[in-house]
Amino acid sequence: MSSGWHLTVAMTGASGSVFARELLIALEADERVTRVHFVASENSLRVLAQELEISGRNQLVEKLLGASSTKIHQLPENDIGAPIASGSYPSQGMIILPCSMGTLAAIANGLADTLTARAADVTLKERRPLVLCVRETPFNRIHLRNMQLASDAGATIFPVIPAFYNRPVDSTEMARQFVCRVLAHIGLPQKDAFVWKGDE
């Protein structure tokens, strides 16, 4: 096993494909990260086609990055035998971006019926960081209750709410700075992250 960070990234069927793409780009460029296991749900593929005009599951990482990668490894959503489905596999955490309400519900209620939900369940039971970048509006009571359940189990609820005080020029910059916040939260601060300095 090589040294460095090993992370799991999942993308589910909520709006916000640009955020997932920027997360993978950041992790690909970060030398502290040596391996990323990437899982894309079936519903996320439909969102990708609509939002980024990226179609199909084949070579999805290459399509998102614009280049091939030896670091980011895509896993099938139904591969319950994948390494990340076991707590014995070393990992520094998991990020789900965007996290749909269906995925949140599965995690909050222990329904480990997909690789994403199982990997999240493993992350929680091993007390590793699990960041759920939920994306929905407005929230109903079920959503809020599931967020509370997941938070009580040890997950961080990190809604996809981008900042504007850095005056982003476009949606890509907005997504990139949001990703910087997520990565800083798990201990991977990014060099190009905007840092508020107040009235200095």
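Above this note sits the structure.
Below: a short report on this structure.

What counts, and at which threshold
Residues numbered from 1 in each chain as written. Predicted model: local features only at pLDDT ≥ 70, side-chain atom pairs only at ≥ 80, totals over all residues. Heavy atoms only, no water. Buried < 20%, exposed > 50% of the residue type's maximum accessible area, 1.4 Å probe, protein only. Helix = DSSP H or I, 4+ residues; strand = E, 2+ residues; numbered from the N terminus. Axes fitted to C-alpha atoms, helices over the stretch in contact; angles between N-to-C directions. Parallel < 35°, antiparallel > 145°, perpendicular 65-115°, else oblique. Left-handed = near helix turned anticlockwise from the far one by under 90°. Contact = heavy atoms within 4.5 Å. Nonpolar A, V, L, I, M, F, W, Y, C, P; charged D, E, K, R; others polar. 1 Å grid on protein atoms, 1.4 Å probe; cavity = no way out; pocket = protein on both sides within 12 Å on 5 of 7 lines; lining within 4 Å. Points joined across faces, edges and corners; volume = space filled by probe spheres on them. Core = buried A, V, L, I, M, F, W, Y, C linked by side-chain atoms within 4.5 Å. Pairing = 2+ DSSP bridges. Right-handed = clockwise from strand over helix to strand, strands pointing away.

With that settled, consider helix α5 (residues 115-125). Of all the 11 residues making up α5, eight are buried; the element is thus mostly covered by neighbouring parts of the structure. Looking only at α5, the buried set comprises Leu 115, Thr 116, Ala 117, Ala 119, Ala 120, Val 122, Thr 123 and Leu 124. A positive phi of about 60° marks Arg 127, the residue just after α5.

Moving on: the packing of helix α4 (residues 101-108) against helix α6 (residues 141-153). Contact geometry of α4 with α6 gives a least axis separation of 9 Å together with a crossing angle of 45°. Judged on the interaxial angle alone, α6 and α4 are oblique. Relative to α6, the crossing made by α4 is left-handed. In this structure, α4 uses Met 101, Leu 104, Ala 105 and Ala 108 to contact α6, whose residues at the interface are His 143, Asn 146, Met 147, Leu 149 and Ala 150. Split into classes, the residues belonging to the contact of α4 with α6 amount to seven nonpolar, two polar and no charged.

Following the criterion strictly, the structure yields two cavities of 30 Å³ or more and no others. Quantified by volume, the largest cavity comes out at close to 60 Å³. Residue lining of the largest cavity: Thr 8, Ile 84, Ser 86, Tyr 89, Ser 91, Met 94, Ala 119, Val 122, Thr 123 and Arg 128, and that is the complete set. Top contributing element to the lining of the largest cavity by residue count: α5, with three residues. Here the residues of the lining of the largest cavity are counted per class, giving five nonpolar, four polar and one charged. Here the second largest cavity defines a volume of roughly 30 Å³. Lining the second largest cavity, in full, are Ala 106, Ile 107, Gly 110, Leu 111, Ala 112, Ala 117, Ala 120, Asp 121 and Leu 124.

Looking now at the side chain of Ser 91. Topologically, Ser 91 is positioned in the loop between β3 (72-75) and β4 (93-99). Every residue in contact with Ser 91, bar those within four places of it in the chain, is listed here: His 6, Leu 7, Thr 8 and Arg 128.

Another point: the nonpolar core. Ranked by size, the top nonpolar core spans 35 residues in total, and within it Leu 27, Phe 38, Ile 95, Leu 97, Cys 133 and Leu 183 carry the most contacts. The element best represented in this core is helix α1 (residues 17-29), accounting for seven residues. With residues near it in sequence (within four places) discarded, Cys 133 still touches Ile 95, Ile 96, Leu 97, Pro 98, Cys 99, Phe 158, Val 160, Phe 178 and Val 182. Counting residues in hydrophobic clusters, the runner-up holds 24 residues, among them Val 39, Leu 115, Ala 150 and Ala 155.

Let's shift gears to the packing of α4 against α5. It is at 9 Å that the axes of α4 and α5 come closest, and there the two elements cross at 45°. Classified by the angle between their axes, α4 and α5 sit oblique to one another. The chirality of how α4 crosses α5 is right-handed. Judged by residue contacts, Thr 103, Ala 106 and Ile 107 of α4 engage Thr 116, Ala 117, Ala 120 and Leu 124 from α5.

The subject of this paragraph is the pairing of strand β2 (residues 33-40). For β2, the tally of buried residues reaches six of eight residues, placing the bulk of the element in the interior. Direction of pairing for strand β1 (residues 5-11) relative to β2: parallel, over a ladder of seven bridges. Directly across from Ala 10, in β2, lies its bridge partner Val 39. Taking the sense of rotation as the criterion, the β-α-β connection linking β1, α1 and β2 turns out right-handed. Looking at chain direction, β2 and β3 are connected through four bridges and run parallel. Counterpart to His 37 in the pairing with β3 is His 73.

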